[in-house]
Amino acid sequence: MLATIERLGNRLPDPAILFVWLLMIVWVASWALAGVDWQLTDPRSGDALTVNNQLTGEALTSFAANVVPVFAHFHPVGVVLVAMLGIGVAERTGFIHAGLRGLLAVTSPRLLTPMLILAAIASHSAADAGYVLVIPLGGVLFYAAGRHPLAGIGAAFAGVSGGYSANFLPSSLDPLLAGLTQAAGQLIDPELSINPLNNYFFTTASCLLIVGLGWWITDRVVEPRLRGTAVDGDTADLPQLSPLTDAERRALRTAGLVMLGGVITLVLTTLPGGSPWRGPDGGLTEARAPLMTSLVALIFILFLLPGVIYGIVAGTVTTHRDVIAGMTWAMQSMGYYLVIMFFIAQFVAAFGSSNLGVLLALKGAQALQALALPAAVTVVGMVLLTGLLNLFVGSASAKWALMGPVLVPMLMQLGISPDLTQAAYRIGDSSTNIITPLMPYFPLIVVFCQRYVRGTGIGTLTALMLPYAATFMTVWTVFLLLYWSAGLPLGF
């Protein structure tokens, strides 16, 4: 079945052309549905929901005028490029490869997969940085250990994105979702107060579940299936597993101390109550906290400096031109990604402006409400509905802003707490992140895979990740129902 999915998926047009087609579909659908009275209220504004025709003269001229700013301000573009500048230097000078070889020397091969997935889950606290940091390192790590690199990329992708809500470390998403949940719940109970860590115990327990499931799927399902897939990338650029030389050990120790010093300095400067890293409410994980908004810049610095120091000590950096060459090398591999991102940015802008995503979310929530199913079945239905909508509307906060005002009050009247409703939503949102090409970072993962297997396409990556998505959604939902029936607290 997976082989069939891979073949059919790879017959799709290039992702850039696919998004051109999707953009045209949005235009035509918005024209066809613009005059319909949906009898729905847009929860963002309180006004009647209407589909905005994207083929009017005003809409088309606005589209043309905003082509450049839409692309330039598309969040995934800046995140990836800035982070890759620092990571490119660290990789080109040999710092990352030396560190991985040293790590493999002290890590049991049997524990490589769970260690990678756990690191991927922990990267959630760094917002989107895990996509550009942990996932490519998963391929490097597995290849250096003599295992198939696509299995490493799949395991890391499953942890970063598929297990997005299975984190033992708080992230900016926690207060964001809790705030939306509280606002929705106050429609029924004006005194309702939701703690930003209202799902913390459940997400921490889910971390163990996702690591275990990801470990089993990678080693027993994904990697055996990849045995017939040849690694045909440029061998000159692929990491080799060889013992560290004395010069490399000395350089690695020096660079490691520099990185450790940078991390310690960062931690110490965040501790004071009046730290400039803290947000308006004094928190470090608030969405507007400078620490959260500076994570990509910090990753750039925390890889650039050790990478340069390693290169100087190891002799791979002799002048400043070698540092710039490392950044240039990193950007050369991003050309294809930038082309795809241009078309994705235009599609996302048109899709959002048309209100088609809002319509899908509200109609889906209404359909679930009309079924009037038993509480446990409703929770399962909510997970499935969220997973389906996630294939079209990628943003976790945007979907919840649309669905929460309908689902939270409805389920409160069935005796289901807002905390449980939010937990069910998070499962559906996380599980299908890894199988939708509409997720902005999906093409980036394809680019990472093509470094090792040149023929990788959308179908290859979808077939690679489908076992993770199906297993995560099924077992994680059952786990939530058991957790709920046991009366365990979901969070604070």
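As a reminder, the structure under discussion sits directly above these lines.
None of these values were measured; they are calculated from a predicted model.

Draft legend 1. Representation of the overall build of the protein chain within the structure. Check the secondary structure of the protein chain and you find 22 helices and zero strands. The C-alpha extent of the protein chain, read off along each of the three principal axes, is 70 × 50 × 50 Å. Accessible surface for the protein chain amounts to roughly 21100 Å². Of this, 67% is attributable to carbon and sulfur atoms. The protein chain carries 21 positive and 23 negative side-chain charges, and their two centres are separated by 12 Å.

Draft legend 2. Main features of the environment of Ile-188. Here Ile-188 lies in the loop between α10 (173-185) and α11 (200-225). Spatially, the C-alpha atoms of Ile-188 and Thr-421 are 14 Å apart, while their sequence positions differ by 233 residues. If near-sequence neighbours (up to four positions away) are discounted, Ile-188 is found in contact with Pro-409, Met-412 and Gln-413.

Draft legend 3. Focus on the packing of helix α2 (residues 15-33) against helix α16 (residues 335-354). Viewed as axis vectors pointing N to C, α2 and α16 meet at an angle of 15 degrees, and their least axial separation amounts to 9 Å. By the angle between their axes, α2 is roughly parallel relative to α16. Both α2 and α16 take part in a crossing whose hand is left-handed. Residues Pro-15, Ala-16, Phe-19, Val-20, Leu-22, Leu-23, Val-26, Trp-27 and Ser-30 of α2 form the contact with α16, whose participating residues are Tyr-336, Val-339, Ile-340, Phe-343, Ile-344, Gln-346, Phe-347, Ala-350, Phe-351 and Ser-354. Of the residues that constitute the contact of α2 with α16, the class distribution is 16 nonpolar, three polar and no charged.

Draft legend 4. Expanded view of the pattern of salt bridges. Counted according to the given criterion, the structure contains four salt bridges. The partner of Arg-147 in a salt bridge is Asp-219, with the nearest N and O atoms 2.8 Å apart. Taken together, the residues Arg-147 in the loop between α8 (129-144) and α9 (149-162) and Asp-219 in helix α11 connect sequence positions 72 residues apart. For Asp-219, a relative accessible area of 24% translates into the label partly exposed. For Arg-147, the salt bridge goes to Glu-223, with nearest N and O atoms at 2.6 Å. Here the residue Arg-147 occupies a position in the loop between α8 and α9, and Glu-223 occupies one in helix α11, the gap between them amounting to 76 residues. Glu-223 carries the same exposure label as Arg-147, and that label is buried. Ionic contacts of the salt-bridge type, sharing partners, join the residues Arg-147, Asp-219 and Glu-223 into one network.

Draft legend 5. View of the environment of Asp-246. As for its placement among the helices and strands, Asp-246 is situated in helix α12 (residues 246-270). Residue classification places Asp-246 among the exposed positions, given a relative accessible area of 58%. Residues Asp-246 and Ala-314, spaced 68 residues apart in sequence, show a C-alpha to C-alpha distance of 9.5 Å. A polar atom in the side chain of Asp-246 sits 3.3 Å from the side chain of Arg-249.

Draft legend 6. Seen up close, the packing of aromatic side chains. Taken as a whole and judged by the stated rule, the model has 16 aromatic pairs. Where Trp-27 meets Phe-63, the ring centres are 5.3 Å apart and the plane angle is 85 degrees; that geometry is what we call edge-to-face. Of this pair, Trp-27 sits in helix α2 while Phe-63 sits in helix α3 (residues 57-65), placing them 36 residues apart in sequence. Judged by centre distance (5.5 Å) and plane angle (20 degrees), the rings of Phe-347 and Phe-351 are stacked. Taken together, the positions of Phe-347 and Phe-351, both in helix α16 and four residues apart, correspond to about one turn of that helix. Assigned by exposure class, Phe-347 and Phe-351 land together as buried.

Draft legend 7. Here's a closer look at the environment of Leu-271. By the element assignment, Leu-271 lies in the loop between α12 and α13 (290-293). The sequence separation of Leu-271 and Gln-186 amounts to 85 residues, and the corresponding C-alpha distance is 34 Å.

Draft legend 8. Looking closely at unusual backbone geometry. Of note in this structure, Gln-39 is not a glycine but carries a positive phi near 55 degrees. In this structure, Gln-39 sits in the loop between α2 and α3. The phi angle at Asn-355 is positive, at roughly 75 degrees, despite the residue not being glycine. One can find Asn-355 in the loop between α16 and α17 (356-371). Residue Asn-355 is classed as buried on the basis of its relative accessible area, which comes to 10%.

Reading guide: rules and limits
Residues numbered from 1 in each chain as written. Predicted model: local features only at pLDDT ≥ 70, side-chain atom pairs only at ≥ 80, totals over all residues. Heavy atoms only, no water. Helix = DSSP H or I, 4+ residues; strand = E, 2+ residues; numbered from the N terminus. Areas by Shrake-Rupley, 256 points an atom, 1.4 Å probe, with all protein chains shown as cover. Lys, Arg positive; Asp, Glu negative; His and termini not counted. Charge placed at Lys NZ, Arg CZ, Asp CG, Glu CD. Contact = heavy atoms within 4.5 Å. Axes fitted to C-alpha atoms, helices over the stretch in contact; angles between N-to-C directions. Parallel < 35°, antiparallel > 145°, perpendicular 65-115°, else oblique. Left-handed = near helix turned anticlockwise from the far one by under 90°. Nonpolar A, V, L, I, M, F, W, Y, C, P; charged D, E, K, R; others polar. Salt bridge = Lys/Arg side-chain N within 4 Å of Asp/Glu carboxyl O. Buried < 20%, exposed > 50% of the residue type's maximum accessible area, 1.4 Å probe, protein only. Polar contact = N/O pair within 3.5 Å; in protein donor to acceptor, adjacent residues only side chain to side chain. Phe/Tyr/Trp six-rings, centres within 6.5 Å; stacked < 30°, edge-to-face > 60°.

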